[in-house]
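Fold and geometry: a report
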Amino acid sequence: MDVLFDIFGSANFWAAAIRIATPLIFGVLGALICERAGVLNLGIEGIFVAGAMAGWLAVYLGAGLWGGVLVAALTGAAFGLLHAFLTVVLGLSQHVSGIGITLLATSASYFTYRTALPDVSSPPRIVPFQSLDLAGLSDLPFFGPVLFSQTALTWLALLLVALVAFVLYRTPLGLSIRAVGDNPASVEAQGLSVIGLRIGAVVVGSALMALGGAFLTMSAFDAFFFGMVNGRGWICIALVVFASWQPGKALLGALLFGAFDAFQIRLQAEIGQVVPGQVFLMLPYLLSILALVLVARKADYPRALLQPWTKGQRH
Amino acid sequence: MTSHTPLLSLTDITKRFGTLIANNAISLDLHQGEILALLGENGAGKTTLMNILFGHYVQDEGTVRVAAGGDVMTTLPPGSPGAALAAGIGMVHQHFTLAENLSGLDNIRLGTEPLLSFGRRHAARAKVEKIITESGLDVDLDRRVDGLTVGEKQRVEILKALYRDARVLILDEPTAVLTPQEAEGLFAVLRRLAANGLGVIFISHKLGEVLAVSHRIMVLRAGEQAGELVTAQADRRAIADLMVGKAVAEVTRTPGARGRALVEFQSVSLGKPGHRAALHGVSFDLRAGEVVGLAGVSGNGQSAIAALISGLAVPDSGTMRLYGDPVTRADPRRLVAAGVARMPEDRQHDGVVGTMSVADNIAIEEVRSPGFSRYGFIDAKAIRARATAAIAAYDVRCPGPDAEARLLSGGNVQKLILARVLERAPRVILANQPTRGLDIGAQAEVHRRIIAARDRGAAVLVISEDLDELFALSDRFLVIHAGEITDAGPAETLDRATVGLLMAGQTHTPETLAS
Amino acid sequence: MSLRLEPREHAPLGLRLLVSLLAGAIALLFVAIPVMAAGANPCEAYVLMAQGAFGSMFALSETLNRATPLILTGLAATVAFRARLWNIGAEGQLYMGALAAVLVGSGFLQLPGPIMIPAIMLAGFLAGGLMMVVPTMLKQRFGADEVVITLLLNFVVILFIQMLIEGPLKDPLSMGWPQSVPLLAEAKFDKLVPRLRTHWGLIIGLVSALLLWLMVKKTVLGFEIKAVGENKPAARFAGIPVDATMLKVALISGGLAGLAGVGEVAGVKGYLSADLSPGFGYSGIVVAMLAGLSPIGSVLAAIFIAAVFVGADSMSRATGISNYLADLVVALSLLCVLVGSFFLRFRLAPANPKVEA
Amino acid sequence: QDLLKVAAIWTVPVEQQWASRLHNALVAAEEAGEIDYVYSENIANTDYERVMREYAEQGVGLMVGEAFGVEQPARTVAADYPEISFLMGSSLPPVEPNFATFDNFIHEPSYLTGIIAGMKTETDRIGMVGGYAIPEVNRLMHAFMAGALSVNPDVKFSVSFINSWYDPPKAKETAFAMVDAGADILYAERFGVSDAAKERGIFAVGNVIDTAADYPGTILASALWHGAPMIDQAIADVKAGSFTASDYGIYAFMEYGGSSMVVDEALAGPEAVAAAKAVEAKILDKSFVVEINDSEPSSTQ
Ligand SMILES: Nc1ncnc2c1ncn2[C@@H]1O[C@H](COP(=O)(O)OP(=O)(O)OP(=O)(O)O)[C@@H](O)[C@H]1O
Ligand SMILES: Nc1ncnc2c1ncn2[C@@H]1O[C@H](COP(=O)(O)OP(=O)(O)OP(=O)(O)O)[C@@H](O)[C@H]1O
Ligand SMILES: [Mg+2]
Ligand SMILES: [Mg+2]
């Protein structure tokens, strides 16, 4: 019990939870935008990799950090455009296209990295984002270290949650995106372009996913590694369902996952070999599954998810 | 009432789907304040024409022009719903085009504001509320659309058009899913709107309402313009002749011989207690050789009754007996095997698997029976033979037994289902909304089959919101209201008003009513 | 004259083959980009790729060896997707199948030789099947999304396997390297050709494809699966036991993926380790969709994917290009074939067909 | 002109620390004009045998790689190509005539770095973050722990495995957690751990490669593996025709120069350095043997 109290009471724990959650926040927001518009984007895992590689490489080759962020976002957007072309314009299977995009983005990133830096056997590094201390607020007790030990990208992620929520619920654009994911015919009948909205959503959502990857190489760490995304994209796909496609709950879900992960890391270090280490590693996944089962009945699926739409055809 | 230049003018619209000509050089004008009824058999091309007018489909030939002030008319670019909306054309589709996860208000606003603006909701609400007051289209603007009734959804659809200052309103089969009361309300609104200068086109298969509401009637037949009538000078017969090209035989019903009770409900309850759509201690029976009409406003427990007789549910309490034995397991297969024929309410959704062939859809209830399979293997030959026979016997219009069922029109899907369930000479028939959305020819065909089955000795329960249909078919009436059933007695002792009162929940016995 | 797309009712076999070939050709054109970026000659690379995949008995055997698990995971996805059951968990089911094979076949159970192979196959089938039955039941009971749950279970299963092979199942003779005790000799699949890796798992895959085809086309179960997949409410109304049918599908789908795991353990590795599968489960989805959910097509698609990978990998070695190229070539081919499938569903037609005068 | 052709097959990307040691040695040998070097990286164990055979067919003279996950097939391939010399990382013994083995036996310098850490820790808590609990990792951790305990019996260890070779962000988080729990020295088996140490202003102990330049003021000491002695020996043996199926693992021992400790004397302080050097001398003159323990290490309570 003491152990638990020590863990949850510590500012460092919560700071870690937010750090771990940050790439997930980007990813889950991106996936949420795509799915709200009716498109499942299983390319997420690969887009993470591409964002991580491209953003890092840009900075390594001399771009500024924000330049790198931009490059990452554009790279994600490009893969998003490809996914949108295949699934929205051509109406092809969203599952297969997504898995294909993951394979393509991952392999293209690895190939590019190795071809661009052939003689590297210890990964080169960049100077990453530093923690953003607003006006000395990091000296605040508890909240100081929790919030102000974070980098600009974490703040960007939090800001994006608010922005996405605002756009989704307070602007006609958000209205249209929610509508197109529920019933494309409703959007078409009101004179809007189903295809246009969906392409836009997938492109923007994919750009956000890439930022999740960029966070890994430009904030959480300062170098690119093969395999470093390590399933984080897939987690976002689960978190979106858990969040019932709502930005606020998406933030909550990502933070919960971050907290679980930070917790199992600490527990593993504290109580060690009472149980095999894998049990701890399984925890976040098992808890995600449990959470999904519990919220499933209430989940409000975008009804048109996975359904292609072609103009002039009855649906 | 009509001004010199039309509001809207279609000229020589032609549309082909592959080799099929859905619309062949169709022209029509619509004037201010006019209500034009568009009639025709299933598949005549009505929806297609309206979809072209609204820009969902692109015509192969012809133009759509709209009044642009004064005597000027401008041509609409084909295939652009946006342009049609901007030109003041509003359309209420046969299948609603609402986002169910949004409120009514948001559905109305959708697409009317710049995408990245905000803070306009208030003004929008004010405008919608003003329209509601003027038109009488009352609806809860803040409720999510998936929580609205069909009638309310339709009102939202009309509000969508009016909100955009529509000058032309198109309604595709607006009353197919409305209760008689709701339909009455709709017509009142349409009349008022027309009086205010709106032009209205509406599509319907119900001649009664066409005669009552429209000013002018245009009839399509197999994609051709079959003719036009001024409503004041038209009657049912004339319209039917134009539509079908031949006279439609009236279905006549002779009194039948009532036999023993085949289905008995004894204090049956099902569903959430106190809920309107649940059943609360319902008792009635269905006897051999009679058609029982179940009247009621939809959502009062009809679905629960249908689910029970379909074998999709068993009573929560009370007993349902089939041929005297209680039914204790929800198993449609057993009921089918026992000779219960079930026609689903939503035939496209529950009745057929669209991507399977017509033959497979005919066999689907009985694939496991020895006639259609052996040792777990399908006997495709037998299935095909049965389907070929059924297609001929029931006049299912389709390219053949191997055609996919989704290609069939609604009327033909219904005939397919009739072929599936009636071919086995069932002893009990559940006919749930048997003719919804069907043209008059198809309606007559379905009615004839039902009566024939009754004459063979089957017990039939017809569930319908169309009182005309119930009176045409039923020997006896049950009326359902808020999950409770009143036996209204033999059809001969009843009239529309009496049944209407019972449907509205007036709890009189037939005797007191008769006095 | 502008063109528009018209849906096609039916794509003849010749057209399908043509489109597949064209897609493959276009993919090869794309492959030239990275090949040239790495400074190699594309034409030479194509020849090397073909040789790497089919150029010798060895190459052919390696291609078929890699295709073997893909056939089975492809079939797993095929049967599930036909019933609109989105099984993304074939990877985990494969591992569970492999685990069951090891549990039964490594001496924990004393079984006479001749029934050993059927026993590990049955165990693997059931273990994989169970891994899909559970999420399906969660879906039926709680409405939990099977895409996400099967996806997450993949991670759980791998960790579980790691736990076992570092713990109770660990091979004491492996000098600490985390791998399971080996299968007994009588539990191993024979090689089809001596000294080449292709093994009886390939035959199992082919037979499974045939059986699945038979089931889909000819049996009542196949009929019911189709009805349930295409329109659940209508199937339910018609009296098809929807839930039971879905569970059967889940069992078969997971079971086939489990068999893939059995094959890898009994035919290739001889023991279980956490790196048994380089994503065979995920690739199975690709295989199934490329094949348009056709069981026989899955065999061809699996061989295609395997050949592209094996060929490109070998080519990268022969040309000195980074071997990450292989995955890139697979991805490009996949996307090209996917686009090709679009033209099987639609045809280009003139937008305003004029009736001939 | 006929250069010896050497092929390496890595199951990991060549950035992975220990693959990089041998890869670099091979690249150096190539640059020195000794060999013609080709490699494939990130090869799944399922594909390993195929890649071995492909290289074998290309006619290489020496094949270097890791047989850990593919012991049986690797030996089969070797048997099929007796004219080729195989030098494979392996936990099992070599096989005549051409299958030689090696492993990263750098437990000796690990022990020495343990001594430094044991003396330097003030909280008596050391955090250790590993990738997977495999023998190649376990034995280094155990040696390190033994070294630390030899000079400071009170020291406690937190041990975590992150279940990935390349997830530096995760390794970093895990290391942070250990710092939060009181560790003031981190044992950096993975990339990411030293980053955490640097950010929190504490010390880290390096492993396999020398990263001191990347983390100024952070790396107390490192146990380094040098691929060159073994690789150069193997190349020489092949060229001389004297390559035998022996255990090349010994070339990782300090006496062969295959491993060494490097210590930042300014950070470690003279006392700790002296203690480590003393043991170093004993190891070199074989009066002290560091125990090899391949079992999975766990946190001490
Ligand atoms: N999208 C389409 N693709 C191919 N054919 C179509 C399409 N839409 C309609 N058709 C064809 O056009 C014809 C006219 O269909 P339409 O929907 O206009 O009939 P309708 O008059 O509205 O019938 P109903 O009274 O049943 O609503 C049909 O025979 C149908 O085969
Ligand atoms: N996308 C489409 N492709 C091919 N044919 C179509 C398509 N959409 C509609 N049709 C055809 O249009 C015709 C009319 O369709 P529709 O669904 O409007 O029938 P219906 O008789 O009006 O039935 P209901 O009133 O129940 O909708 C049918 O023949 C149908 O096959
Ligand atoms: Mg219609
Ligand atoms: Mg219709």
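Position numbers for residues count from 1 along each chain, tracking the sequence in the order it is written. To read the labels, note that chains go from A and ligands from 1, taken in the order they are written. pLDDT decides what is reported in this predicted model: residues at 70 or higher carry local features, side-chain atom pairs at 80 or more are listed and counted, and totals for whole chains, interfaces and linings draw on all residues regardless. Excluding hydrogens and water, the side-chain values take into account all heavy atoms of the structure.

Residue and element names in this part refer to chain D. Here, a salt bridge means any side-chain nitrogen of Lys or Arg that lies within 4 Å of a carboxyl oxygen of Asp or Glu. For the structure shown, the criterion picks out 76 salt bridges over all chains. Residues K286 and E255 are paired through a salt bridge, measuring 3.3 Å at the closest nitrogen-oxygen approach. Here E255 lies in the loop between helix 8 (227-240) and strand 11 (259-263) and K286 lies in the segment after helix 9 (265-284), a separation of 31 residues in the sequence. For the exposure calls, accessible area comes from a 1.4 Å probe over protein chains only, and a residue counts as buried if that area is under 20% of its type's maximum, exposed if over 50%, partly exposed in between. Look at E255 and you get partly exposed, because its relative accessible area is 43%. A salt bridge links E280 to K277, with the nearest nitrogen and oxygen atoms 3.8 Å apart. Placement of both E280 and K277 in helix 9 is noted, with a separation of 3 residues, approximately one turn of the helix. A run of DSSP states H or I qualifies as a helix once it reaches four residues; a run of E qualifies as a strand once it reaches two. Both are numbered from the N-terminal end.

Another aspect to go through is the packing of helix 12 (residues 295-319) of chain C against helix 2 (residues 45-58) of chain D. The axes are straight lines fitted to the C-alpha atoms, using for helices just the contacting stretch, and the angles between their N-to-C directions are given from 0 to 180°. At their nearest, the axes of helix 12 of chain C and helix 2 of chain D sit 11 Å apart, and the two run at 40° to each other. Taken together, helix 12 of chain C and helix 2 of chain D sit at an angle that is classed as oblique. Here helix 12 of chain C runs over helix 2 of chain D; the crossing is right-handed. Seen from helix 12 of chain C, the contacting residues are C:F309, C:V310, C:D313, C:S314, C:R317 and C:A318; seen from helix 2 of chain D, they are D:D47, D:R50, D:V51, D:E54, D:Y55 and D:Q58. The nonpolar class holds Ala, Val, Leu, Ile, Met, Phe, Trp, Tyr, Cys and Pro. Asp, Glu, Lys and Arg form the charged class, and all remaining residues, Gly among them, are polar. When grouped by side-chain class, the residues that make up the contact of helix 12 of chain C with helix 2 of chain D number 5 nonpolar, 2 polar and 5 charged. By the definition adopted for this analysis, an angle is roughly parallel if under 35 degrees, roughly antiparallel if over 145, roughly perpendicular if from 65 to 115, and oblique otherwise. For any pair of crossing helices, the crossing counts as left-handed if the nearer helix is rotated counterclockwise from the farther one by less than a right angle, and right-handed if it is rotated clockwise. Any two residues having at least one pair of non-hydrogen atoms within 4.5 Å are treated as being in contact.

When at least one non-hydrogen atom of a residue lies within 4 Å of a molecule or strand, that residue is treated as near it. If you check the shell around ligand 1, you find 16 residues, and the closest are B:G43, B:G45, B:K46, B:T47 and B:T48. In this structure ligand 1 sits where residues from chains A and B come together. Distance and chemistry together define a polar contact, namely a pair of N or O atoms within 3.5 Å, with one atom able to donate a hydrogen and the other to accept it when in protein, and with adjacent residues in sequence counting only for side-chain atoms on both sides. B:T47 is positioned such that a nitrogen or oxygen atom in its side chain is 2.5 Å from an oxygen atom of ligand 1. Where the shell around ligand 1 is concerned, the elements lending two or more residues are strand 2 (20-30) and helix 1 (46-54) of chain B. No other element matches the 3 residues that helix 1 of chain B contributes to the shell around ligand 1.

Under the local residue numbering, the UniProt record ascribes the feature "transmembrane region" (unreviewed entry) to residues 93-109, 115-135, 147-165, 198-216, 237-260, 280-312 and 324-344 of chain C. Secondary structure across residues 237-260 of chain C comprises 83% helix and 0% strand; the distance between its end C-alpha atoms is 36 Å. UniProt positions are given in the numbering used here, feature names are shortened, and annotations may be inferred rather than shown by experiment.

Moving on, we get to the packing of helix 8 (residues 172-182) of chain A against helix 10 (residues 194-220) of chain A. All names here are of chain A. Where helix 8 meets helix 10, the closest approach of the two axes is 10 Å, and the angle between their N-to-C directions is 100°. Classified by the interaxial angle, the pair formed by helix 8 and helix 10 is roughly perpendicular. Within the contact between the two elements, helix 8 uses L173, S176, I177 and V180 and helix 10 uses V194, L197 and R198. For the contact of helix 8 with helix 10, the residue count by class is 5 nonpolar, 1 polar and 1 charged.

Next up on the list: the interface of chain D and chain A. Between chain D and chain A, the residue contacts involve 37 residues of the former and 36 residues of the latter. Using a 1.4 Å probe, buried area is obtained as the accessible area two parts lose upon being combined, added over both of them. Of the roughly 2900 Å² buried at the junction of chain D and chain A (both faces included), carbon and sulfur atoms supply 48%. At the boundary of chain D and chain A, one finds 8 salt bridges. At the junction of chain D with chain A, the criterion picks out 10 residue pairs in polar contact (both at pLDDT 80 or more). Within the residue set of the side of chain D that touches chain A, elements represented by two or more residues are helix 1 (17-31), strand 7 (156-161), helix 6 (168-180) and helix 7 (193-200) of chain D.

On to the nonpolar core, then. A:F224, D:W10 and D:L87 are the most contacted members of the largest nonpolar core, which has 366 residues in total. Here this core takes 15 residues from helix 10 of chain A, the largest share from any one element. Both domains that furnish three or more residues to this core are identified here as domain 2 (97-166) and domain 3 (261-514) of chain B. Take the buried Ala, Val, Leu, Ile, Met, Phe, Trp, Tyr and Cys residues and link them wherever side-chain atoms come within 4.5 Å; each set so joined is a nonpolar core. Of all hydrophobic cores here, the second largest spans 48 residues; its members include B:V128, B:I131, B:L162 and B:V219. Delimitation of the domains relies on an automatic or database domain assignment.

Quick look at helix 8 of chain A now. Burial runs high along helix 8 of chain A: 11 of the 11 residues are buried. Burial in helix 8 of chain A covers these residues: A:P172, A:L173, A:G174, A:L175, A:S176, A:I177, A:R178, A:A179, A:V180, A:G181 and A:D182. Where the residues of helix 8 of chain A are buried, they touch helix 2 (11-36), helix 7 (152-170), helix 9 (184-189) and helix 10 of chain A together with helix 3 (104-109) of chain B.

The next subject is the interface of chain A and chain C. Across the boundary between the two partners, chain A contributes 43 residues, which contact 47 residues of chain C. Taken together, both faces of the contact between chain A and chain C bury some 3900 Å²; the carbon and sulfur share is 84%. Interface area lost by chain A to chain C is led by A:V96, A:F111 and A:Q278, which between them contribute 17%. Where the side of chain A that touches chain C is concerned, the elements lending two or more residues are helix 4 (65-89), helix 5 (94-116), helix 11 (232-242) and helix 13 (277-295) of chain A. The element best represented in the side of chain A that touches chain C is helix 5 of chain A, accounting for 14 residues. Across the side of chain A that touches chain C, the residue classes break down as 30 nonpolar, 11 polar and 2 charged.

Residues and elements named next belong to chain D. Two strands pair under a simple rule: DSSP has to find at least two bridges between them. Spatially, the 5 strands line up as an open sheet ordered 2-1-3-4-5, and their pairing is parallel. Lying at the two open borders of the sheet, with one neighbouring strand each, are strand 2 (35-40) and strand 5 (99-102). Between one strand axis and the next, the sheet turns by 20° as a mean value, whatever way the strands run. Looking at chain direction, strand 4 (residues 85-89) and strand 5 are connected through 4 bridges and run parallel. The partner of G89 across the bridge, within strand 5, is F102. Against the sheet, helix 8 engages strand 1 (4-9), strand 2, strand 3 (62-66), strand 4 and strand 5, with an angle of about 150° to strand 3.

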